[in-house]
Amino acid sequence: MTAQMGVTDTVVGEDLHAHQFRMLIDGELVTGASDHDVINPATEDTIGSSPVAGTDQVVLAVSAAKRAFAHWSRTPVEDRAAALQVLADAVESRADEFARIITLEQGKPLALARGDVDSAVAFTRYFAGLRPEPEVVRDDETARIEIHRKPLGIVAAILPWNFPFFQAMYKIAPALLMGNTLVVKPAPTTPLNTMLLGEMVEEILPPGVLNIVGDDGAVGPVLTSHPDIAKVSFTGSTAVGKAVMRSGADTLKRITLELGGNDAAVVLDDADVEKVADGLYNWAYFNAGQVCINIKRIFAPDSLYDALCNALAERVRATKVGNGLDPDTQMGPLQNAKQFEAAKAYLRTAKETGRILAGGNILDGPGYFVEPTLVADIEDDNPLIAEETFGPVRTILRYHTLDEVIARVNDTHYGLGNSVWSSDTSRAAEVANRLESGTTWVNQHFALSPDVPFGGRKQSGLGVEFGVDGLHAFSDTHVINISKV
Ligand code: NAD
């Protein structure tokens, strides 16, 4: 494998139109059956073109992954880990290039896009450092019983558009370390960063180990229904997550689903308002509110309600919204026209049913720009609270007692993340323990780490990603039970 560990030096220039982005199938960079335009959400201009796989190309990618599995699964784990380290180095050496492409197609500020690339590298290195060692569960005079972890086969990784590169890498790295092969499908609106990754992988991994196919909306179901796909690792909406699960039922595919969330932040009555307002603001509006684990509902006690409304509104009003390439920009546009329309509908609801404390408008075009918005005085059954608002429209709600607020936070079919904010961390941890979510943070939110499992309860997901548990999710257990009698 070492001989293949070179890295392409074809740098993508300023003009993405001038670069032919291609898919990676069986170690070859190939054009698609068709192409589709990629739009910059800050300008609504076409910035480049992405290949779109025909069904026959998706089938070829799966066949290539199947052939490659035969040797990749038997390649020593040290070699697989070494390849991941080379991949991490290669991405790191072109981090600014990746970041610029992410900003152009996703919209987020360049510094945040660079943060996504840095996180992708860090998570890849973390997984490269893990070893799926056999576990001895019993070794006595009667038997030795070992649990071994076996790769599943071909993994389909289906990606959304909010952290497209980071999400690709944190699925690819554990799947490959465990000995699986992959077919990766980016979201139709943010494919170019993943296609660039394919250009590097071509020279780092053996043919067929990692395949990348472009999509205009029809490719996902081809993958999730393909009998040779052993596992689907999906991040996206709850509705599509359910469709993925149904589609995989016939062949009992392993499935990890990271879905939507309706995270709450509960501020306790001993909190320092100015201190917590910074954290609440950051994690409510991060990535223009397009994060599954953004804070979407902010619960304030009677005693702090007015002060917190003022502190948050002040921060929301001060947000600099603009093109992600402008270094002063704190919040970019919404990623695509569909999200923009959804945000406009939420703004109408906010105006008709609530009191807008800050924001409330879209910005003059071009671009899918929405002012960060804070809404007060609405009931819990309002769509702004009952639904997941995947955009920068957030609500602040008043509560009277702890039992009441805990019941209200838990009264949702989502269960991804929550947080509790207080000057007394023990008291906050007690409240945190009563909230129904995969993760509950205290005095922080959205703190993800490669070694800590992350996943949703209820309809926010199935299974976990990250950590040793996340690695094991790309394996089946194989028990070896040796009799000693
Ligand atoms: P989406 O579910 O429509 O799309 C996600 C991915 O699935 C895309 O690649 C899409 O092409 C693909 N897809 C669509 N239909 C498919 C099908 N029938 N079979 C297989 N694949 C299919 O989501 P979206 O509108 O792109 O993103 C917004 C939603 O995603 C929000 O609800 C948000 O909460 C959720 N999301 C969740 C997380 C998380 O980590 N839990 C992260 C990002 C986004």
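Q: Tell me about the nonpolar core, residues and numbers included.
A: Among the nonpolar cores identified, the biggest contains 93 residues, and Phe165, Ile172, Leu182, Leu197 and Leu205 are the most heavily contacted of them. If one sorts the elements of this core by residue count, helix α5 (residues 164-177) sits on top with 10 residues. Ignoring any residue separated from it by four or fewer positions in sequence, one finds Leu197 in contact with Leu87, Val91, Phe98, Phe165, Met169, Ile172 and Ile212. Core analysis: the second largest hydrophobic core is formed by 32 residues, Ala343, Tyr368, Phe369 and Val393 among them.

Q: How would you explain the environment of Arg394 if you had to name every residue and give the values?
A: Here Arg394 shows up in strand β16 (residues 393-399). For the pair Arg394 and Ser303, spaced 91 residues apart in the sequence, the C-alpha separation amounts to 21 Å. What Arg394 contacts, discounting residues up to four positions off in sequence, is Ala284, Tyr285, Gly289, Asn294, Ile295, Lys296, Thr373, Leu374, Val375 and Thr389. Among the polar contacts made by the side chain of Arg394, one reaches the main-chain carbonyl oxygen of Ala284 at a distance of 2.8 Å.

Q: Run through the pattern of salt bridges, naming residues and quoting values.
A: Pairing of side chains with opposite charge becomes possible as their charged atoms draw close. Throughout the structure, instances matching the rule amount to 28 salt bridges. A salt bridge links Asp139 to Lys484; its shortest N-O distance comes to 2.5 Å. Residue Asp139 is found in strand β5 (residues 135-139), and its partner Lys484 is found in the segment after β20 (475-483); the two are separated by 345 residues along the sequence. On the basis of relative accessible area, Asp139 is assigned to the partly exposed category, the value being 44%.

Q: Describe in detail the sheet that holds strand β15 (residues 373-376), supporting the description with residues and values.
A: Pairing within the open sheet is mixed, and its seven strands lie in the order β14-β15-β16-β13-β12-β17-β18. Sheet topology places β14 (355-358) and β18 (439-442) at the edges, where each strand pairs with a single neighbour. Neighbour-to-neighbour, the strand axes of this sheet turn through a mean angle of 25°, independent of strand direction. Summarising the sheet, β14 and β15 pair through three bridges and their orientation is antiparallel. Residue Ile356 lies in a different strand from β15, and its bridge partner there is Val375. Across the sheet, helix α9 (residues 273-285) lies against β12 (263-267), β13 (295-301), β15, β16 and β17 (417-421), angled at about 155° from β13, the strand it touches most.

Q: An account of the site of the ligand is requested, with residue identities and associated values reported.
A: Of all residues adjacent to the ligand, which total 25 residues, the nearest are Leu159, Trp161, Ser237, Leu259 and Glu388. Measuring from an oxygen atom of the ligand, one finds a side-chain N or O atom of Ser237 at 2.6 Å. For the ligand, a nitrogen atom lies 3.2 Å from a polar atom in the backbone of Glu258. With the chains in place, 87% of the 840 Å² that the ligand exposes on its own is no longer accessible. Elements with a minimum of two residues in the shell around the ligand: α7 (219-224) and β10 (229-235). Top element by residues in the shell around the ligand is α7. It accounts for three residues. Here the shell around the ligand is built from residues that sort into 12 nonpolar, eight polar and five charged.

Q: Outline the packing of aromatic side chains, supporting the account with residue identities and numerical values.
A: Aromatic ring pairs are reported here in terms of the distance separating the ring centres and the angle at which the planes meet. One pass over the structure, following the stated rule, counts 16 aromatic pairs. Relative to Phe466, the ring of Phe123 has its centre 5.0 Å away and its plane inclined at 75°; by these criteria the two rings are edge-to-face. Of this pair, Phe123 sits in helix α4 (residues 110-128) while Phe466 sits in the loop between β19 (461-462) and α15 (467-472), and the two are 343 residues apart along the sequence. The same class applies to Phe123 and to Phe466, which are both buried. Linked through ring pairs, Phe123, Phe166, Tyr170, Phe454 and Phe466 together constitute an aromatic cluster.

Q: Talk me through the pairing of strand β7 (residues 154-158); I want residue IDs and the actual numbers.
A: β7 sits mainly inside the fold: five of its five residues count as buried. With five bridges connecting them, β7 and strand β8 (residues 181-185) associate as parallel partners. Of the residues in β8, the one forming a bridge with Ala156 is Val183. Assessed by its sense of winding, the connection that carries the chain from β7 through α5 to β8 is right-handed. Both β7 and β10 contribute to a ladder of five bridges, which runs parallel. Counted as the bridge partner of Ile154 is Ile229 from β10.

Q: I'd like a description of the sheet that holds β5, backed by residues and values.
A: With antiparallel pairing, the three strands of this open sheet are ordered in space as β5-β6-β20. The strands lining the two open edges of the sheet, one partner per strand, are β5 and β20. On average, adjacent strands in this sheet sit at an angle of 20° to one another, irrespective of strand direction. Across nine bridges, strand β6 (residues 143-151) lies against β20 in antiparallel orientation. Each residue of the ladder has a partner; that of Arg149, found in β20, is Thr477.

Q: Quick one: what's the story with the environment of Arg74, residue by residue and with numbers?
A: You can see Arg74 is positioned in the loop between α1 (55-72) and α2 (77-93). Note on Arg74: relative accessible area 66%, which makes it exposed. Through-space distance from the C-alpha of Arg74 to that of Gly463 is 26 Å; in sequence the pair is 389 residues apart. Here the side chain of Arg74 touches Ala70 through a polar contact of 3.0 Å, landing on its backbone oxygen.

Rules and cut-offs
All residue numbers here refer to positions counted from 1 along the written sequence of the relevant chain. Only residues with pLDDT of 70 or above have their local features reported here, since the model is predicted, and side-chain atom pairs are shown and tallied only from 80 upward, although totals for entire chains, interfaces and linings are computed over all residues. Side-chain descriptors were evaluated using all non-hydrogen atoms of the structure, hydrogens and water having been removed beforehand. In this description, a nonpolar core means a group of buried Ala, Val, Leu, Ile, Met, Phe, Trp, Tyr and Cys residues linked to one another through side-chain atoms lying within 4.5 Å. When accessible area is computed with a 1.4 Å probe and restricted to protein chains, residues below 20% of their type maximum are described as buried, those above 50% as exposed, and intermediate ones as partly exposed. Numbering of helices and strands starts at the N terminus; helices are DSSP runs of H or I of at least 4 residues and strands are runs of E of at least 2. Throughout, a contact is declared for two residues whenever any of their heavy atoms are within 4.5 Å. Pairing of N or O atoms within 3.5 Å defines a polar contact, subject to two protein rules: one partner must be a possible hydrogen donor and the other a possible acceptor, and residues neighboring in sequence count only if both atoms are side-chain atoms. Salt bridges are counted wherever a side-chain nitrogen of Lys or Arg sits within 4 Å of a carboxyl oxygen of Asp or Glu. Here, a strand pair is defined by DSSP locating no fewer than two bridges between the strands. The axes used here are C-alpha line fits, helices contributing only the stretch in contact, and every angle between their N-to-C directions lies in the interval 0 to 180 degrees. Neighbouring residues are identified by heavy atoms, a residue being near a molecule or strand if any of them is within 4 Å of it. Calculation of accessible area relied on Shrake-Rupley with a 1.4 Å probe; when residues are assessed, cover is drawn exclusively from the protein chains displayed. Nonpolar residues are Ala, Val, Leu, Ile, Met, Phe, Trp, Tyr, Cys and Pro. Charged residues are Asp, Glu, Lys and Arg, and all others, Gly as well, are polar. Ring pairs are drawn from Phe, Tyr and Trp, using the six-membered ring of Trp, whenever the two centres fall within 6.5 Å, and their geometry is named by plane angle: stacked under 30 degrees, edge-to-face over 60, tilted for the rest. Clockwise travel from the first strand over the helix to the second, with the strands pointing away from the viewer, marks a crossover as right-handed.

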